[in-house]
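# Residue-level structural notes
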Amino acid sequence: MATGHTDPQRRERILAATLDHIADEGVAGVSHRRIAGRAGVPLGSMTYHFSGIDDLLHEAFSRFADGIVTVFEHHLSPARTPAEAREAVTDLVHALSEGSRRDLVLAHELYTLAARRPEYRELTQNWMHRSRRLLERHFDADTARQLDALIEGLALHRSLDTAPQSRDLTLLAVTRVTSTT
């Protein structure tokens, strides 16, 4: 393993190890020592790259949120019509709910942290804003806001349900929220 200045991926390994640790043990278990051990880096690297645990958590969760926004973009960008956008949202819900348990746990660890601490609430607000902007390419702002919440709720319910709802039922819910009356 490279050390010192010859290890340009050290910071990235620390961030990845932080997210892996949070997914396995929760935010409460994060410490410089545990993350350094998990990342295979000297303990001093932690304070070299991050000003403290909050800086580390904020950066790690920012990377996580960026990844989820990328998933939104991947699904929503190709849609050209309202019907294609509804199909894309349905696919997105199923991709999120059938994805890794790691992402589900990380999202909820971040939500819990944001419920307790305003600086993380700002991070989640930025994440929601970015997701909604992608939805607003296809739907009005109010609908995008409702749809964003629907995506989160359906993905959570599908991922935890022992008999998750079908794609047809998901599409029906998306259609109801996005159809004008």
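Notes on the structure follow. (Residues numbered from 1 in each chain as written. Predicted model: local features only at pLDDT ≥ 70, side-chain atom pairs only at ≥ 80, totals over all residues. Heavy atoms only, no water.)

### Overview of the pattern of salt bridges
Following the criterion strictly, the structure yields 15 salt bridges and no others. Residue E59 is joined to R63 by a salt bridge in which the shortest nitrogen-to-oxygen separation is 3.0 Å. Of this pair, E59 and R63 are both found in helix 4 (residues 53-76), 4 residues apart, which corresponds to roughly one turn of the helix. You can call E59 partly exposed: its relative accessible area is 21%. The exposure class of R63 is partly exposed, given its relative accessible area of 31%. The residue E136 makes a salt bridge to R133 at a minimum N-O spacing of 2.3 Å. The exposure class of E136 is partly exposed, given its relative accessible area of 27%. Residues joined by salt bridges that share partners form a network here, namely R11, E12, E59 and R63. (Salt bridge = Lys/Arg side-chain N within 4 Å of Asp/Glu carboxyl O. Helix = DSSP H or I, 4+ residues; strand = E, 2+ residues; numbered from the N terminus. Buried < 20%, exposed > 50% of the residue type's maximum accessible area, 1.4 Å probe, protein only.)

### Description of the packing of aromatic side chains
For the coordinates displayed, the defined rule picks out 2 aromatic pairs. Centre to centre, the rings of Y111 and W127 are 5.7 Å apart; their planes meet at 20 degrees, and the pair counts as stacked. Remark: W127 occurs in helix 7 (residues 118-135) and Y111 occurs in helix 6 (residues 101-116); sequence separation between them is 16 residues. Overall, W127 belongs to the buried group, its relative accessible area being 4%. Ring pairing ties together the aromatic residues F64, Y111 and W127, which thus form one cluster. (Phe/Tyr/Trp six-rings, centres within 6.5 Å; stacked < 30°, edge-to-face > 60°.)

### With respect to the side chain of R86
With respect to the element layout, R86 can be found in helix 5 (residues 82-97). This buried residue, R86, is left without a salt bridge; E87 holds the nearest opposite charge, at 8.9 Å. Sequence-distant contacts of R86, defined by excluding residues within four places in its chain, comprise F139, L171, V174, T175, T178 and S179. (Lys, Arg positive; Asp, Glu negative; His and termini not counted. Contact = heavy atoms within 4.5 Å.)

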